[in-house]
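# Fold and contact review
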Amino acid sequence: MEYNEYKRIYDSLNRPEDIERLLKKGYDERLLETLFTQKTSREVKKKFHVVKQKAPDMLREWKRGRTIMEISDKYRFPPILTAMFIFLEDGASRKQFWEFIRSPDLLESRQTADEVRDVVRNDFVYSPHANDRQKERGVWGETLLQDWLDGQGIKYRTEEDLRGEGTKTPDCLLDEPMLYDGKKICWIESKASFGDNVEFRFNSRKQLCPYTTLFGPGLVVYWTGCLNDMECPEGVYISDISVLEKKLKRVGE
């Protein structure tokens, strides 16, 4: 994806309803959900401690009758994390809070339980359903990768197969090096995230560059999309879902 188009979409995703609006313009749902999740998570990291300091004020506002959703909108912070600050400030433990999120009926107050249900329903990134959606996207990407390799008769070991053999293991470690667009690769990593500069730098530092040290050069696939013409570290190559249109070749063929 060209940077200008990516920036236009990214800047337009500020609230969950923006996803529905952009869907009507023909954009892929997984792309929009992924970009919204990445943007929200990054903004939360920047604001977390600043907003957390407002927890006493949030609790007072809630006790005076403001809803958690209203407080969430005021501070422009995800509903579930806003609720967490309020509940923890009111004396609940983190364990209790997440039990309430999963099962609002555990709360003694019916009104509070209804508020928690509303919070869960309106949190697109941190709710249990959102976590399930993110896991589903991860499984979807890994399945695409394995089906692509299986269809070419290429042998590999998965992260599960490699468990216990080291601290860092790619999603697919090829049994023998292969050629991808004329470049030798030894492993492939599946990513259900969008490969923009922030995500790619983080992945490179934490996973991809260490893989090159351990296993040799490899390929990372961002299934929901990636920016064109990103500068890659030596031995790391990048693709999007268009990788499915290509075939790997054995070295020497």
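Let me sum up the structure you'll find in this document.

Conventions used here
- Residues numbered from 1 in each chain as written.
- Predicted model: local features only at pLDDT ≥ 70, side-chain atom pairs only at ≥ 80, totals over all residues.
- Heavy atoms only, no water.
- Helix = DSSP H or I, 4+ residues; strand = E, 2+ residues; numbered from the N terminus.
- Buried < 20%, exposed > 50% of the residue type's maximum accessible area, 1.4 Å probe, protein only.
- Contact = heavy atoms within 4.5 Å.
- Areas by Shrake-Rupley, 256 points an atom, 1.4 Å probe, with all protein chains shown as cover.
- Lys, Arg positive; Asp, Glu negative; His and termini not counted.
- Charge placed at Lys NZ, Arg CZ, Asp CG, Glu CD.
- Salt bridge = Lys/Arg side-chain N within 4 Å of Asp/Glu carboxyl O.

## Overview of the overall build of the protein chain
Each helix and strand counted, the protein chain has 10 helices and 6 strands in total. Dimensions of the protein chain, computed from C-alpha atoms along their principal axes, come out at roughly 75 × 40 × 30 Å. By the burial criterion, 45% of the 253 residues in the protein chain qualify as buried. Across the protein chain, the fraction of contacts at a sequence separation of at least 24, relative to all contacts at a separation of at least 6, is 58%. About 14,300 Å² of surface is accessible on the protein chain, with carbon and sulfur atoms providing 47% of the total. Between the averaged position of the 43 positive side-chain charges in the protein chain and that of its 45 negative side-chain charges there is a distance of 5 Å.

## Structural notes on the environment of Glu 33
For Glu 33, the position within the fold is in helix H3 (residues 29-52). Looking at Glu 33, the relative accessible area reads 5%, which means it is buried. In this structure, the C-alpha to C-alpha distance between Glu 33 and Asp 181, residues 148 residues apart in sequence, is 30 Å. Setting aside anything within four residues of it in sequence, one finds Glu 33 in contact with Ile 19, Phe 124, Arg 133 and Arg 137.

## Considering the pattern of salt bridges
Under the counting rule described, the total for this entry stands at 21 salt bridges. Of the charged contacts, one joins Asp 11 and Lys 7 as a salt bridge, the two residues approaching to 2.7 Å between their closest N and O atoms. Here Lys 7 and Asp 11 lie together in helix H1 (residues 3-12), a separation of 4 residues that amounts to about one turn. You can call Lys 7 partly exposed: its relative accessible area is 32%.

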